[in-house]
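Per-entry structural report
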Amino acid sequence: MSSEPAPADGEPTSFREKAKSWAEKHETAVRVVKAVGATVGAAVAIMVVKHVMTQNVTEYADDDQAEYAEDDQVTEDDQDAKDKRHPPVRHSVAEHTRTLADGRVIPIPPYKRGGSSDDEGEDPDEVAA
């Protein structure tokens, strides 16, 4: 039944001895199987880690989105306030003095402020006309 001869003393050969003998004869095949097994195992481990990390990120992102959605609800009062806002009107500021935190008083020359970037170079009188 077995292709290997029985030992001289008539005792059957143990499975361990048979396996050891086979592995010695097929050393290259054993190395290939080990390499393939290690590669497949590493690939599976990487996929599992990636999946777990993706699940955690997605879970936290969903929580954040729900939290922001609750905070970002606009009320009618908020919308009315936005509708009533107007851009600042361009105007001249008169010469004045400013007192700094350390007590110094400095002169501030006249300047223009307000208005949008579209109003550059226009006087308030020209805009009103």
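Calculation rules
- Residues numbered from 1 in each chain as written.
- Predicted model: local features only at pLDDT ≥ 70, side-chain atom pairs only at ≥ 80, totals over all residues.
- Heavy atoms only, no water.
- Helix = DSSP H or I, 4+ residues; strand = E, 2+ residues; numbered from the N terminus.
- Contact = heavy atoms within 4.5 Å.
- Areas by Shrake-Rupley, 256 points an atom, 1.4 Å probe, with all protein chains shown as cover.
- Salt bridge = Lys/Arg side-chain N within 4 Å of Asp/Glu carboxyl O.
- Buried < 20%, exposed > 50% of the residue type's maximum accessible area, 1.4 Å probe, protein only.
- Pairing = 2+ DSSP bridges.
- Patch = residues over 30% accessible without salt bridge, like charges linked within 9 Å, V, L, I, M, F, W, Y side chains within 5 Å.
- pLDDT = per-residue confidence, 0-100.
- Polar contact = N/O pair within 3.5 Å; in protein donor to acceptor, adjacent residues only side chain to side chain.

1. Description of the overall build of the protein
- Looking only at helices and strands, the protein features four helices and four strands.
- In the protein, the order of α-helices and β-strands from amino to carboxyl end is α-α-α-β-β-β-β-α.
- Restricting the contact set of the protein to residue pairs at least 6 apart, pairs at least 24 apart contribute 23%.
- Carbon together with sulfur atoms contributes 56% to the accessible area of the protein, which is approximately 11,800 Å² in total.

2. Looking at the pattern of salt bridges
- Counting across every chain of the model gives two salt bridges.
- The residue glutamate 27 makes a salt bridge to arginine 31 at a minimum N-O spacing of 2.9 Å. Of this pair, glutamate 27 and arginine 31 both sit in helix 2 (residues 27–71), four residues apart, which is roughly one turn of the helix.
- Judged by its relative accessible area of 57%, arginine 31 falls in the exposed class.
- The salt bridge involving aspartate 102 is made with arginine 104; its shortest N-O contact spans 2.8 Å.

3. A look at the pairing of strand 3 (residues 105–108)
- In the sheet, strand 2 (residues 96–99) pairs with strand 3 via four bridges, with the strands oriented antiparallel. Of the residues in strand 3, the one forming a bridge with histidine 96 is isoleucine 108.
- Connecting the antiparallel pair strand 2 and strand 3 is a turn made up of five residues, with glycine 103 showing a positive phi of about 100°.

4. A few points about a nonpolar patch on the surface
- A contiguous nonpolar surface patch, about 480 Å² in accessible area, is contributed by Val32, Val36, Val40, Val44, Val48 and Val52.
- Residue placement: valine 32 occurs in helix 2.

5. Some points on the confidence of the model for the protein
- For the protein, the mean per-residue pLDDT works out to 77, and 62% of the residues sit at or above 70.
- The spread of mean pLDDT over the elements of the protein runs between helix 4 (residues 124–128), the lowest at 53, and strand 3, the highest at 94.

6. With respect to the side chain of arginine 90
- Its location among the elements puts arginine 90 in the loop between helix 3 (76–84) and strand 1 (91–93).
- The class of arginine 90 is buried, set by a relative accessible area of 19%.
- At a separation of 3.4 Å, a polar atom in the side chain of arginine 90 contacts the main-chain carbonyl oxygen of glycine 114.

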